[in-house]
Amino acid sequence: MASRIIEGYKLYKNNDVIIEHYEPDHVIFKVKNNKNTDYYIVSMIYGYWNCDCADYQFRNQRNPGSFYCKHLQAAQFKLHDLLENKKEGNS
Ligand SMILES: [Zn+2]
């Protein structure tokens, strides 16, 4: 579990996370797949997170809501970053 947080942080630090769409209750991210040029799509709708990678789909099905893949972790770092910047921009 901890290693996925670290992997997610690395993706975030490498700028491999792109915000495709932003509304307060609906955010869509593209997270680069480091093996090739494809992206995984991570979404957050009303606090419900989803990633389309196999890791997440498989584990979330077995135990919904208990698992965050590295893409989802990366997206959360990015979202945090975005919200912090918004705060600074408004002050
Ligand atoms: Zn994923």
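The notes below deal with the structure included here. Keep in mind that what you see is a predicted model, and the values were worked out from it rather than measured.

1. A word on the environment of R59
Note that R59 resides in helix α2 (residues 54-62). Residue class for R59 comes out partly exposed when judged on the 14 C-beta atoms lying within 10 Å of it.

2. Some details on the pairing of strand β3 (residues 39-45)
Along any regular strand, the residues point their side chains to alternate faces of the sheet. Pairing between strand β2 (residues 26-32) and β3: 7 bridges, direction antiparallel. The partner of H26 across the bridge, within β3, is I45. Across 4 bridges, the pairing between β3 and strand β4 (residues 48-51) is antiparallel. Considered in β4, the bridge of I45 is made with Y48. Connecting the antiparallel pair β3 and β4 is a turn made up of 2 residues, with Y46 showing a positive phi of about 50°.

3. Brief notes about the pairing of β2
Examined bridge by bridge, strand β1 (residues 17-23) and β2 share 6 bridges and lie antiparallel to one another. Within the sheet, the bridge partner assigned to H21 lies in β2 and is I28. Taking the residues that link successive antiparallel strands as the turn, the β1-β2 hairpin has 2 residues.

4. Things to note about the sheet that holds β1
Judged by pairing direction, the sheet is antiparallel, and its 4 strands sit side by side in the order β1-β2-β3-β4 without closing on themselves. In this open sheet, the two edge strands, each paired with only one partner strand, are β1 and β4. Averaged over all pairs of adjacent strands, the angle between strand axes in this sheet comes to 15°, irrespective of strand direction.

5. What about unusual backbone geometry?
For N15, which is not glycine, the phi torsion reads 60° and is therefore positive. Among the secondary structure elements, N15 is positioned in the loop between α1 (2-13) and β1. For N15, a count of 9 C-beta atoms within 10 Å puts it in the exposed group. In the Ramachandran plot, Y46 falls in the positive-phi region, its phi being about 50° despite a non-glycine side chain.

Cut-offs used in this document
- Residues numbered from 1 in each chain as written.
- Predicted model: local features only at pLDDT ≥ 70, side-chain atom pairs only at ≥ 80, totals over all residues.
- Helix = DSSP H or I, 4+ residues; strand = E, 2+ residues; numbered from the N terminus.
- Buried ≥ 20, exposed ≤ 12 C-beta atoms within 10 Å, placed from the backbone.
- Pairing = 2+ DSSP bridges.
- Axes fitted to C-alpha atoms, helices over the stretch in contact; angles between N-to-C directions.

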